[in-house]
Amino acid sequence: MHTIHWQKSTYSGDGSNCVYVAATPTGTVHLRESDEPETILTTAPAALKSLIRALKTSTDPQ
């Protein structure tokens, strides 16, 4: 069985509300928050990229 290697997002800073991300050998991406580590979201890299792009666009003060 493969052990998931979690990495804290660099955008999380030093606070207690941190986002962790992990990639698997099959290519999926897992996300979790430090306050609920048992809740894990699983997605494909392309879907995560689209989400991040949409979030950046919606908050961009143009």
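Refer to the preceding data block for the structure.
Keep in mind it's a predicted model, so treat the numbers as computed, not measured. (Residues numbered from 1 in each chain as written. Predicted model: local features only at pLDDT ≥ 70, side-chain atom pairs only at ≥ 80, totals over all residues. Heavy atoms only, no water.)

Trainee: It is not clear to me how the overall build of the chain should be interpreted in this structure. Could you clarify?
Mentor: The number of helices and strands found in the chain is one helix and four strands. Of the regular secondary structure in the chain, the N- to C-terminal order runs β-β-β-β-α. The buried share of the chain, taken over its 62 residues, is 15%. At a minimum sequence separation of 6, the contacts of the chain that also span at least 24 residues come to 9%. When the accessible area of the chain is evaluated, it comes to approximately 5,100 Å², of which 57% is carbon and sulfur surface. (Helix = DSSP H or I, 4+ residues; strand = E, 2+ residues; numbered from the N terminus. Buried < 20%, exposed > 50% of the residue type's maximum accessible area, 1.4 Å probe, protein only. Contact = heavy atoms within 4.5 Å. Areas by Shrake-Rupley, 256 points an atom, 1.4 Å probe, with all protein chains shown as cover.)

Trainee: What's the story with the side chain of Thr24 in this structure? I'm lost.
Mentor: As for its placement among the helices and strands, Thr24 is situated in the loop between strand 2 (19–23) and strand 3 (29–33). Using a relative accessible area of 17% as the deciding quantity, one classes Thr24 as buried. Side chain to side chain, Thr24 and Thr28 meet in a polar contact 2.7 Å long. (Polar contact = N/O pair within 3.5 Å; in protein donor to acceptor, adjacent residues only side chain to side chain.)

Trainee: Mind showing me how you'd approach the packing of aromatic side chains here?
Mentor: Geometry of an aromatic ring pair is reported as the spacing of the ring centres plus the angle between the planes. On inspection of all chains with the given rule, the structure shows zero aromatic pairs. Sitting over the ring of Trp6, Arg32 keeps its end group 4.2 Å from the ring centre. (Phe/Tyr/Trp six-rings, centres within 6.5 Å; stacked < 30°, edge-to-face > 60°. Lys NZ or Arg CZ within 6 Å of the ring centre and 35° of its normal.)

Trainee: Looking at this structure, I do not really get the side chain of His30. What am I missing?
Mentor: Secondary-structure assignment places His30 in strand 3. On the accessibility criterion, His30 (11% relative accessible area) is buried. A polar side-chain atom of His30 sits 2.9 Å from a polar atom in the side chain of Thr42. Those residues in contact with His30 that sit more than four places away from it in its chain are Ile4, Trp6, Tyr20, Val21, Ala22, Thr24, Ile40, Leu41 and Thr42.

Trainee: How should the sheet that holds strand 2 be read in this particular structure?
Mentor: Strand pairing in a sheet takes place through backbone hydrogen bonds and is either antiparallel or parallel in direction. Read from one edge to the other, the open sheet built from four strands follows the order 1-2-3-4, with strand pairing classed as antiparallel. Pairing within the sheet leaves two strands with one partner each, and these edge strands are strand 1 (7–8) and strand 4 (36–43). (Pairing = 2+ DSSP bridges.)

Trainee: For this particular structure, what's the right way to read a negative patch on the surface?
Mentor: Residues Glu33, Asp35, Glu36 and Glu38 make up a contiguous surface patch of negative charge. Locating Asp35 in the fold gives a position in the loop between strand 3 and strand 4. (Patch = residues over 30% accessible without salt bridge, like charges linked within 9 Å, V, L, I, M, F, W, Y side chains within 5 Å. Salt bridge = Lys/Arg side-chain N within 4 Å of Asp/Glu carboxyl O. Lys, Arg positive; Asp, Glu negative; His and termini not counted. Charge placed at Lys NZ, Arg CZ, Asp CG, Glu CD.)

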